[in-house]
Each structure stands twice: as structure tokens, then as C-alpha cells.
Amino acid sequence: MQDAVLAMLAKEASHGYHLHARLRQSLGPLGESMNRGQIYVTLARLEKAGLVVCERADGLPERPDRKVYALTPAGQQRVAAWLAEVGWPKPDLAEFHLKLVAAAAARLADPVELVAAQRRELLRRLNETQHAALAEPAGSGAALLLEGIMLRLQADLRWLAACERAWSRIDDKVEDA
């Protein structure tokens, strides 16, 4: 969650309510259970860690002053590192989706390139797992486990292909505009 919040702030400084709304919109049905208080706790932790700074912004007459959060240079470095990360040991699909959305919204990275980097990593892992499976006796417990890992990696690769198709269409629409 912290990295997604930081990436959303890379586009523009924002207050907690606006961040919550953007994250919920980005996650669709998965974001419905997102608690607004979770955003404020995350922002406080990020501020304490020196990744964001908070300033008071003048509110409207019917609203009190709001805290507006912006990235520090350390926060910008963490966002860049998060976007470059291609780990996939236990994929959190919602987090990866947020990475794509945040990268596109803040124009930090091309989502299609992020998908390609993830695909390369999954293909590397699939290749390693296939080689390990070949070394195991057929029908052994280890062979069955490795088959499960290969099936999961193949499913994740299919999902990445769907992500690439979707983001390529989005990119095409943006270029046509």
C-alpha cells in the first residue's frame, strides 16, 4: 500500500481523501473495502520515514484546512525502485495493477514496459522450474510441486498478456487523442 500511495503522489501532491478516491477507482471492486483511515495511517508512516512532507492548504469556507502530501527526494527514489522491481514470488495482483495505474497516471513509466519486465522474470522462473522438474522422477512429490509452480507461472503469464493488450489499447487511445 505504501508504494502505491507514493506512486500516486508522484503525479501530484494530494490530500488523503483524494488519494483514497484515486486508489479506490484504480482498484475497482477490489478497492471497495479500502478504509479511508488506512490511507491516513499510511501517510503518517511515510511522513515519519521521510518519504513525504505535509503542508497545510487553505480549505474552503465549509471545509477546514487540509493536509497536502508531496514526495520528498527519498520518496521519489523509492517510487522509482518500486517501479523497477520485477519480483513475483507471491504476486499481489492488486498491487501490480496499482503499479501500472500509478506509473501511467504520473507518467513515471510505460505500463507496457513494466508488463514486459515482469514477463521476462516469469519466463526466467518458468525455465528454471521446468529444468528442475526434468531432474525429478515422474510422479514424485517434488515433480508434482514443480508442476503446480509451472501451472501458476503459466497462468500469471496469460494474465500479463491480458494486461499488455489492455494497456496497449489505452496507449493507442492516448496517442490518437
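Nothing here was measured: the structure is a model prediction, and the numbers come from that model. (Residues numbered from 1 in each chain as written. Predicted model: local features only at pLDDT ≥ 70, side-chain atom pairs only at ≥ 80, totals over all residues. Heavy atoms only, no water.)

1. A few points about the overall build of the chain
Moving on, step 1. Per the secondary structure count, the chain includes 7 helices and 2 strands.
Moving on, step 2. Listed by position from the N terminus, the elements making up the chain come as α-α-α-β-β-α-α-α-α.
Moving on, step 3. Residues classed as buried in the chain amount to 35% of the 177 residues present.
Moving on, step 4. Intrachain contacts of the chain at a sequence separation of at least 6 include 56% that bridge at least 24 residues.
Moving on, step 5. Surface accessibility of the chain: about 10,600 Å² in total, with carbon and sulfur atoms responsible for 54%. (Helix = DSSP H or I, 4+ residues; strand = E, 2+ residues; numbered from the N terminus. Buried < 20%, exposed > 50% of the residue type's maximum accessible area, 1.4 Å probe, protein only. Contact = heavy atoms within 4.5 Å. Areas by Shrake-Rupley, 256 points an atom, 1.4 Å probe, with all protein chains shown as cover.)

2. With respect to helix H3 (residues 36–48)
Moving on, step 1. Compared with the 18 Å implied by 1.5 Å per residue over 13 residues, the 19 Å span of H3 between its first and last C-alpha is a close match.
Moving on, step 2. Of all the residues in H3, the buried ones are Ile39, Thr42, Leu43 and Leu46. The buried residues of H3 occupy an angular sector of 100 degrees when the element is viewed end-on, so they sit on one face. Residues of H3 that are exposed and point over 90 degrees away from its buried face: Arg45 and Lys48.
Moving on, step 3. The inward-facing, buried residues of H3 abut helix H1 (2–11), helix H2 (16–27), strand S1 (52–57) and strand S2 (66–71).
Moving on, step 4. Between the side-chain oxygen of the N-cap and the backbone nitrogen of Gly37 there are 2.5 Å, and the N-cap of H3 in question is Asn35. (Expected span 1.5 Å × (residues − 1). Arc of directions from axis to C-beta. Polar contact = N/O pair within 3.5 Å; in protein donor to acceptor, adjacent residues only side chain to side chain.)

3. Here we look at the packing of aromatic side chains
Aromatic ring pairs are reported here in terms of the distance separating the ring centres and the angle at which the planes meet.
Moving on, step 1. This model, assessed by the stated rule, comprises 1 aromatic pair.
Moving on, step 2. Above the face of the Trp82 ring, Lys99 is positioned so that its terminal group lies 5.3 Å from the ring centre. (Phe/Tyr/Trp six-rings, centres within 6.5 Å; stacked < 30°, edge-to-face > 60°. Lys NZ or Arg CZ within 6 Å of the ring centre and 35° of its normal.)

4. Some points on the pattern of salt bridges
Moving on, step 1. Summed over the entire model, instances satisfying the criterion amount to 7 salt bridges.
Moving on, step 2. The partner of Glu12 in a salt bridge is Arg22, with the nearest N and O atoms 3.8 Å apart. Of the two residues, Glu12 is situated in the loop between H1 and H2 and Arg22 in helix H2; the sequence distance between them amounts to 10 residues.
Moving on, step 3. For Arg22, a relative accessible area of 13% puts it in the buried group.
Moving on, step 4. In this structure, the salt-bridge partner of Arg125 is Glu121, at a minimum N-O distance of 2.5 Å. Of this pair, Arg125 and Glu121 both sit in helix H6 (residues 111–134), 4 residues apart, which is roughly one turn of that helix.
Moving on, step 5. You can call Arg125 partly exposed: its relative accessible area is 22%.
Moving on, step 6. Exposure remark for Glu121: the relative accessible area of 12% places this residue in the buried category. (Salt bridge = Lys/Arg side-chain N within 4 Å of Asp/Glu carboxyl O.)

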